[in-house]
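Single-letter residue listing:
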Amino acid sequence: LLGAVMPFVHTDYGTDQMVEELTRLLETDAAGVAALLETMLETNAPTYDLDDKLKTLIETLAQRGLRAEAIRSAEKVRRTLPGMLDLYKKLVAAS
């Protein structure tokens, strides 16, 4: 169900709230969260990351064994968000 709305979360600045909800869902389905995050980022890369929530979510995915998904997500925002290029390089170097 969330997959259908992910391409539109950037509307009305909903990206930050969706990142919070994805973080909450990590405990129950980390692989599902990774897929949803990639769908969201494919449609529209955010231009801000309030309190590094997106960065933390991507780091957590990598820590939970979803490194490839985390790298793909970081790659999508490495040019638009401060600090993401460093995170991308860190994730790739650790692979």
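Preceding this section is the structure that the text describes.
Residues numbered from 1 in each chain as written. Predicted model: local features only at pLDDT ≥ 70, side-chain atom pairs only at ≥ 80, totals over all residues. Heavy atoms only, no water.

## Here's the deal with the packing of aromatic side chains
Centre distance and the angle of the planes are the two values used to describe a pair of aromatic rings.
Then, in step 1: Taken as a whole and assessed by the stated rule, the structure comprises 0 aromatic pairs.
Then, in step 2: Across from the ring centre of Tyr88, 4.7 Å away, lies the NZ or CZ of Arg78, which sits over that ring. (Phe/Tyr/Trp six-rings, centres within 6.5 Å; stacked < 30°, edge-to-face > 60°. Lys NZ or Arg CZ within 6 Å of the ring centre and 35° of its normal.)

## Description of helix H2 (residues 15–25)
Then, in step 1: Of all the residues in H2, the buried ones are Thr15, Asp16, Met18, Val19 and Leu22. Projection of H2 onto a plane perpendicular to its axis shows the buried side chains occupying an angular sector of 160 degrees, all on one side. (Buried < 20%, exposed > 50% of the residue type's maximum accessible area, 1.4 Å probe, protein only. Helix = DSSP H or I, 4+ residues; strand = E, 2+ residues; numbered from the N terminus. Arc of directions from axis to C-beta.)

## Things to note about the pattern of salt bridges
Then, in step 1: One pass over the full model with this rule turns up 7 salt bridges.
Then, in step 2: Notably, a salt bridge pairs Lys90 with Glu59, separated by 3.7 Å at the nearest N-O pair. Remark: Glu59 occurs in helix H4 (residues 53–63) and Lys90 occurs in helix H6 (residues 84–94); sequence separation between them is 31 residues.
Then, in step 3: Salt bridges sharing common partners tie together Asp16, Glu20 and Lys53. (Salt bridge = Lys/Arg side-chain N within 4 Å of Asp/Glu carboxyl O.)

## What about the packing of H4 against H6?
Then, in step 1: The interhelical angle for the contact between H4 and H6, taken along N-to-C directions, is 5 degrees, at an axis separation of 11 Å. Taken together, the axes of H4 and H6 lie roughly parallel to each other. Contacts from Leu54, Lys55, Ile58, Glu59 and Ala62 of H4 reach H6 at Met84, Leu87, Lys90 and Leu91.
Then, in step 2: Considered class by class, the residues forming the contact of H4 with H6 number 6 nonpolar, no polar and 3 charged. (Axes fitted to C-alpha atoms, helices over the stretch in contact; angles between N-to-C directions. Parallel < 35°, antiparallel > 145°, perpendicular 65-115°, else oblique. Contact = heavy atoms within 4.5 Å. Nonpolar A, V, L, I, M, F, W, Y, C, P; charged D, E, K, R; others polar.)

## Some remarks on the nonpolar core
Then, in step 1: Counting residues in hydrophobic clusters, the biggest one holds 28 residues, and the most contacted among them are Leu22, Leu37, Met40, Leu54, Ile58, Leu61 and Leu91.
Then, in step 2: It is helix H3 (residues 30–43) that provides the largest number of residues to this core, a total of 7 residues.
Then, in step 3: Dropping the residues within four chain positions of it, Leu54 is found in contact with Val19, Leu37, Leu41, Pro46, Asp49, Val77, Leu81 and Met84. (Core = buried A, V, L, I, M, F, W, Y, C linked by side-chain atoms within 4.5 Å.)

## Re unusual backbone geometry
Then, in step 1: Even without glycine at this site, Asp51 takes up a positive phi of about 60 degrees.
Then, in step 2: With respect to the helices and strands, the residue Asp51 is situated in the loop between H3 and H4.
Then, in step 3: The exposure class assigned to Asp51 is exposed, which follows from its relative accessible area of 61%.
Then, in step 4: Unlike most non-glycine residues, Asp52 shows phi in positive territory, near 60 degrees.
Then, in step 5: Structurally, Asp52 can be placed in the loop between H3 and H4.

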